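Single-letter residue listing:
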Amino acid sequence: MASHPWVVAGFSWLRPAGVPVNQRDSPSAMGIGAVERCLENFFEKIGKVVGTHPIKTLIGSVLFTIVCGGGFAFLSTETRPEKQWVPAGSLALDHDAYVKATWPGNARFNFFSATCADVDVGSCDIMDPKYIQRFHEINEKVKAITIDGTKIVADLDKDHKRSEGDNRPWSIYEGNWSFSGTPQSVNGAVEFEGRLCFTFGPFCAKSSVLDVFREDDYILTNLDASSVKLAINNWEKQETMCPLTLAASDSPCFNSNCQSYTTQSERQACRDLATTYCASKCPTTTEIIGGREVTRPLDMATCQDRGCIQLGALGNTGSSTTTTPSGMLNTDPGDAPESAFEFQPTKIKTMVGGLASDATWEYASGKHIAGFWALSKKELYCPKEGVVDPVADEWERQVLCLMGIDADPRAEPKLDCKEDDLLKFSGLFQRSLGDEFGNAIRGDISKLTASYGVIIVYCAIMLGKCDAVHSGAAMAFVAVAIVGLTIVSTLGLMGYFQVPNGNLNNNLYFLLLGLGVDDAFVLTSEYLTHSREAKTKGGSLDVPELIAKTARTGGISVLITSATDALAFLVGATTVLPALSWFCTYAGVSICLCYTFQLTVFLPCLALNARRTAASRVDCCCCFKVAERSLDDPQGCCCCCLPQKVFKGGVIKKGLRKFTEQTTKPIGQVVTFILFAIITGVGIFGTTKIYKDFKLEWFIPDSSYVNTFFTINSENFATGTPITVNFPESNAFSMQSNLHEVYDYLNSTHLVNKDVAVDSWYEEFMEWATEPTQAATADDTFTPSRTATDAVFGVETEFYTALHLWYRTNVGSRFRNSLSWKDEDCNVNATVDALPTGCTVTDGLKASRFNAELALEVTNRGTDRYDTMTSMRSKVSELYAGAFPYSFDFLYWEEVGIIDEELIKNLAICGAVILVVIFALVPNPRIAIWVVLCVVLSIVNTLGYMYFWDVTISGVSTIYVLICVGLAVDYAAHIAHMFKESTGTARERAINAVDRIGVCTFNAVLSTLLAVVVVGLSESYVFRIFFKVLFLVVVIAGAHGLWLLPAILSLVGGSKQSLESYSAGEAPAADKASRIAAEDA
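Residues numbered from 1 in each chain as written. Predicted model: local features only at pLDDT ≥ 70, side-chain atom pairs only at ≥ 80, totals over all residues. Heavy atoms only, no water.

A.B. asks: I'd like to hear about the overall build of the chain, residue by residue, with values.
C.D. replies: The secondary structure content of the chain amounts to 33 helices and 23 strands. Taken over 1081 residues, the chain has a buried fraction of 54%. Across the chain, contacts joining residues at least 24 apart in sequence account for 75% of those joining residues at least 6 apart. Accessible surface, the chain as shown: approximately 44900 Å² in total, 58% of it carbon and sulfur. (Helix = DSSP H or I, 4+ residues; strand = E, 2+ residues; numbered from the N terminus. Buried < 20%, exposed > 50% of the residue type's maximum accessible area, 1.4 Å probe, protein only. Contact = heavy atoms within 4.5 Å. Areas by Shrake-Rupley, 256 points an atom, 1.4 Å probe, with all protein chains shown as cover.)

A.B. asks: Lay out helix 26 (residues 862-879) in plain terms, naming residues and giving numbers.
C.D. replies: Every α-helix carries 3.6 residues per turn, so stepping three or four residues along brings you back to the same face. Its 18 residues give helix 26 an end-to-end C-alpha distance of 26 Å, which sits within 8% of 26 Å, the value for a rise of 1.5 Å per residue. Along helix 26, the residues that are buried comprise Gly862, Arg865, Thr868, Met869, Met872, Arg873, Val876 and Leu879. Seen from one end, helix 26 has its buried residues packed into an arc of 140°, which puts them on one side. The inward-facing, buried residues of helix 26 abut helix 5 (91-102), strand 18 (722-727), helix 23 (736-748), strand 23 (884-886) and helix 27 (890-921). (Expected span 1.5 Å × (residues − 1). Arc of directions from axis to C-beta.)

A.B. asks: A description of the nonpolar core should follow, citing residues and the corresponding values.
C.D. replies: Note that soluble globular proteins tend to have their nonpolar side chains buried in a common cluster. By size, the foremost hydrophobic cluster in this structure holds 199 residues, and its most contacted members are Trp761, Phe765, Leu803 and Phe850. Of all the elements, helix 18 (residues 578-614) adds the most residues to this core, at 21 residues. Aside from chain neighbours lying at most four places away, what touches Trp761 is Leu739, Leu803, Trp806, Phe815, Ser818, Leu819, Leu845, Ser848, Arg849 and Phe850. By size, the runner-up hydrophobic cluster in this structure holds 72 residues, among which are Cys204, Val212, Ala274 and Val706. (Core = buried A, V, L, I, M, F, W, Y, C linked by side-chain atoms within 4.5 Å.)

A.B. asks: Outline the pairing of strand 12 (residues 368-376), listing residues and values.
C.D. replies: Buried residues dominate strand 12, accounting for 9 of its 9 residues. Alternating positions in strand 12 separate into two faces, His368, Ala370, Phe372, Ala374 and Ser376 on one and Ile369, Gly371, Trp373 and Leu375 on the other, with burial throughout. When strand 8 (residues 206-207) meets strand 12, the two strands line up antiparallel, connected through 2 bridges. Within strand 12, the position partnered with Lys206 by the bridge is Trp373. Two strands pair when backbone bridges link them, and strand 11 (residues 352-353) and strand 12 are joined in this way by 2 bridges, in the antiparallel orientation. The partner of Gly353 across the bridge, within strand 12, is His368. (Pairing = 2+ DSSP bridges.)

A.B. asks: Tell me what's going on with the pattern of salt bridges, and back it up with residues and numbers.
C.D. replies: If you walk through the whole model with that rule in mind, you get 34 salt bridges. With a shortest N-O distance of 2.2 Å, Lys48 and Glu545 are connected by a salt bridge. Linking Lys48 in helix 2 (residues 34-52) with Glu545 in helix 17 (residues 543-572), this pair joins segments that are 497 residues apart in sequence. Across the salt bridge formed by Asp118 and Lys130, the nearest N and O atoms sit 3.1 Å from each other. (Salt bridge = Lys/Arg side-chain N within 4 Å of Asp/Glu carboxyl O.)

A.B. asks: Lay out the sheet that holds strand 18 with the relevant residues and their values.
C.D. replies: Here we have 4 strands laid out as an open sheet, ordered 21-22-18-23, and antiparallel in their pairing. Each edge of the open sheet is held by one strand with a lone partner, namely strand 21 (819-821) and strand 23. Strand after strand, the sheet turns through a mean of 20° between neighbouring axes, direction not considered. Bridge count between strand 21 and strand 22 (residues 845-853): 3 bridges; the pairing is antiparallel. Within the sheet, the bridge partner assigned to Trp821 lies in strand 22 and is Leu845. Sitting on the sheet, helix 25 (residues 796-808) touches strand 21 and strand 22, and the angle it makes with strand 21 is about 125°. (Axes fitted to C-alpha atoms, helices over the stretch in contact; angles between N-to-C directions.)

A.B. asks: Residues and numbers for the packing of helix 18 against helix 29 (residues 955-981), please.
C.D. replies: In contact at an axis separation of 11 Å, helix 18 and helix 29 are set at 25° when each is read in the N-to-C sense. Considering their axes alone, helix 18 and helix 29 lie roughly parallel with respect to each other. As helix 18 packs across helix 29, the resulting crossing turns out to be right-handed. Here Leu580, Phe583 and Cys584 of helix 18 come into contact with helix 29, specifically with Thr958, Ile959, Leu962 and Ile963. Taken together, the residues of the contact of helix 18 with helix 29 break down into 6 nonpolar, 1 polar and no charged. (Parallel < 35°, antiparallel > 145°, perpendicular 65-115°, else oblique. Left-handed = near helix turned anticlockwise from the far one by under 90°. Nonpolar A, V, L, I, M, F, W, Y, C, P; charged D, E, K, R; others polar.)

A.B. asks: If you had to explain the environment of Leu400 to someone new, which residues and values would you point to?
C.D. replies: For Leu400, the position within the fold is in helix 13 (residues 390-402). Residue contacts for Leu400: discarding those within four places in its chain leaves Ile405, Ala407, Phe429, Arg431 and Tyr705.

A.B. asks: Please provide a residue-by-residue account of the state of the cysteines, values included.
C.D. replies: Tallying each qualifying case throughout the model produces 6 disulfides. Paired by a disulfide, Cys278 and Cys308 hold their sulfur atoms 2.2 Å apart. Between Cys278 and Cys308 the disulfide shows an S-S torsion of about -85°. By sign, it is left-handed. With Cys278 in helix 11 (residues 264-281) and Cys308 in helix 12 (residues 307-315), this pair connects stretches of sequence that are 30 residues apart. Across this residue pair, the class does not change: Cys278 and Cys308 are buried. Between Cys401 and Cys417 runs a disulfide, and the two sulfur atoms are separated by 2.2 Å. The disulfide joining Cys401 to Cys417 has a torsion of about -110° about its S-S bond and is therefore left-handed. With a gap of 16 residues between them, Cys401 in helix 13 and Cys417 in the loop between helix 13 and strand 15 (423-428) connect regions that are remote in the sequence. Neither Cys401 nor Cys417 differs from the other in exposure class; each is buried. (Disulfide = S-S within 2.5 Å.)

A.B. asks: How would you summarise a nonpolar patch on the surface if you had to cite specific residues and measurements?
C.D. replies: A cluster of nonpolar side chains, namely Ile667, Val670, Val671, Ile674, Ile678, Val682, Phe685 and Phe948, defines an oily patch on the protein surface of about 740 Å² accessible area. Among the secondary structure elements, Phe685 is positioned in helix 21 (residues 666-689). (Patch = residues over 30% accessible without salt bridge, like charges linked within 9 Å, V, L, I, M, F, W, Y side chains within 5 Å.)

A.B. asks: Now, about the side chain of Glu895: what can you tell me, with residues and values included?
C.D. replies: Along the chain, the position of Glu895 falls in helix 27. Among all residues touching Glu895, those that are not within four sequence positions of it are Trp85, Pro87, Leu577, Phe694, Ser954 and Gly955.

A.B. asks: Give a description of the packing of aromatic side chains that names residues and reports values.
C.D. replies: Evaluation of the coordinates by the stated rule reveals 39 aromatic pairs. Relative to Phe799, the ring of Phe793 has its centre 5.6 Å away and its plane inclined at 70°; by these criteria the two rings are edge-to-face. For the residue pair Phe793 and Phe799, the accessibility class agrees, reading buried in each case. Geometrically, the ring pair formed by Phe799 and Tyr800 is edge-to-face, given 5.0 Å between the ring centres and 70° between the ring planes. (Phe/Tyr/Trp six-rings, centres within 6.5 Å; stacked < 30°, edge-to-face > 60°.)

A.B. asks: Just give me the short version of the environment of Val994, but keep the residues and values in it.
C.D. replies: For Val994, the location among the structural elements is in helix 30 (residues 986-1015). Val994 gets classed as buried once you look at its relative accessible area, which sits at 1%. Excluding anything up to four places from it in sequence, Val994 contacts Leu656, Thr660, Ile975, Val999 and Pro1046.

A.B. asks: Requested: an account of the packing of helix 20 (residues 651-663) against helix 30, with residues and values cited.
C.D. replies: At a closest axis distance of 9 Å, the pairing of helix 20 and helix 30 adopts a crossing angle of 140°. Taken together, helix 20 and helix 30 sit at an angle that is classed as oblique. Every pair of crossing elements has a handedness; the one defined by helix 20 and helix 30 is right-handed. Where helix 20 abuts helix 30, its residues Ile652, Lys653, Leu656, Arg657, Thr660 and Glu661 lie against Arg987, Ala990, Ile991, Asn992, Val994, Asp995, Gly998, Val999, Phe1002 and Asn1003. Grouping the amino acids of the contact of helix 20 with helix 30 by side-chain chemistry returns 7 nonpolar, 4 polar and 5 charged.

A.B. asks: Pulling in residues and values, what's your account of the pairing of strand 22?
C.D. replies: For strand 22, the buried fraction is high: 7 of the 9 residues fall into the buried class. Judged from the 6 bridges that link them, strand 18 and strand 22 form a sheet pairing that is antiparallel. Each bridged residue has a counterpart across the sheet, and for Ile723 the counterpart in strand 22 is Ala852.

Written out as structure tokens, the structure reads:
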């Protein structure tokens, strides 16, 4: 049958001018590319050398690896996420550096949630007194935890071999540490020794439903259902501070004068009522100790409302004594609640989730309680361990243990972490992500080991025959050993060149395993092909000649894929994402080394294996000999008693040949093109729909307590991301209106959670300063007036003097962590009546900040988070020049803004490199162009089907897509190279190419597929995404290389006659095509 006229006409542009259609690929028309010819000669010489001196070559390779391995001493590992995933030069890095330098005591928040453990969630009423009382018991145990910092310091000294006098930065952890610390009287003021908590002024930062009950032990012990509902439903109704309980109906807190007073007489009426109440509930006495007042109950055992202690401290004086009562210092809150000074009660819905109402109560029942304990950061950075705070880590471990969670089973001392019988906890502590990442990785080690085992077994089966002599077991171990040599050499070289080792580099093992095994299959196939050809011609080649021919044909085929992948990764290392840049650098170098080891390790071992088989020695047990047998006449091994025909194999090869014969027929071509057109159409649609997103919680195993917390939080509490709005050095006096505008913006924008009050030092200060009865500012000037809603100070000196007075006294104490003065002498950590010595308040503020919380609904997706961050940055900067919102999470959000650009950029780079290398090493446009097309379609379809499999664009998936480019090139380039080498009609060449290299490609596809299926069972997000993306690319790119490409080349690849037949004047290839078509018919 003649060639289709439309084929010849439609693709005539691919034919060199003046060359007949049936001869257009003849040697005289096309020739062999000079580059390719030079490379083939080069590889042949290498093969000759390593085949002649295999032992010396292997020794040289091992020595090279040892020398490279010396770089391990200089290798640094970077584990800090902000150093890996934040784009270089991004604003988030500058803001983070500023905040850490300006506010070094940043908080370390530890969030928790709890629900009923004795009944299912549907039947749970967390407002039942027994659950609140149990949580109170656990909370008391939390506050009682004491960490021995002296032992931690001694252990660190031992680990780092340091002693007194040496540089020991961890000496800051000396002493005993607890959440609230131990109060000490220092120069008439109170300082807390060993205090772990982050503070708002003098008060520890914490939040829970216990705040509603003032953490009063007597009140909590005597709770009943009605008192719980009474307190919770009246908590948010407070407009002014009432330190007394809300859980008793006779509490003065329910009096209208105490709930909200606007005049001095109303305030006094509330105080008189409270004084009468406390006289019967908890009478107190106030004594003068060391010149300062201390209030204590007359009898703590009978005190029915410990808020009376605080009330007494605020307004009473008593007799003088010289002895300090145990545990009572003048500003030690004792059993009085630290939240008592808060005038803006925390919203109930942030502390109790799953709320339901009834006819009587707005909040009648609930399903979950939530809250946090905040620690002050005291972190150190160690090159090996990363950022550490061993005291806080141990405190958090013990708290988690009280919650029934063993955060680190390997840590010492061992803890007995029994789950509570009434409460089931989940949480997100500062250490939780690191713990769970580590647990996920350790849990997947067995799966990784299994994957390598699968590869080894599969290679052993496919690299040889089921025969004691011709088995491929030893060569399978060599193929995997090359991956090990490559990794050691790469890590060592990167140590010499000071390229950090990031977490993503763990993926190199699979990349190298896939590429290395593929190369091993190709080289083994070429070796067997040349061995059979020599025997077919009636002779045999000695081992060096056989290895030389293998290197000549196999080396160039492997070079095409290796050079393409390596160059693509090395150029891609220019990305602005550090982790991605490091990975691309490691990948590019490792691919080059892997290719080198194929020539200097695999080929020498192949030569030694050839000598062993020639001597009929048993594989892996070469001391034993058996009867001589042919490669094509396997006898079985390992005591197999199956029929002999089972051992001969060749099923895959025969199957691939028959399949290709069908798909290269006209009807097969039509079906193939229609099917792949549909697949591509769906893939393009998915590509247009895929979106950017990334959340840290995705890295947490599904069964983790952290994942449970995230789920409960999103469904019941809708807690957003806490932020601070930072005001760098500027004249706050002249920017008063701007501060007010920022506050108004934060309260009006939909980006901020309305259930959490915006914490503004300026608004609180101005409310205090403009009170009609405020004596401290009675003579100060306000513009336009004291009573105006937009009142501001008119005189700078008056502004800063009043601000510091407010700041250093109780009323402004909780904002001490929000103000930093230029004059360091002005910064205070405790209540001070007089201006500190040396303080010049008129120098003004060095920095200040507001606190707020982003709404959960604007931070759901990665694009939402990025847009929220950039939008708020722009608006805040517009309202107050130089001001900016900040959250540590912004460091991760920056990635979302550029990850799609980085993916497109890297794919474009890969595409350009592929184009150049393929056209250089396959110097035939009508072949090379279709290889590039298949690779492009493979990647586009992979991206598209990622969308349908719930994979988003993130730093992790970007890495895997780049790995997929390398695999896609492998699957297509080998077929194209062998098609170029084959002779005959276009269809014959396509069939011969698949017949010669198809099995290798199929084995590479199947071995990779088997390996990733094992890790697909992982609970780790990283490995699940790895499984999904690699599964897609293996199936899609494998189909494009083994199915679509041969079909295309059989149609437009052109014919090519061998040199011998062309010289002998043999019939044109077109006539052969007619004969084959007739036979098919």
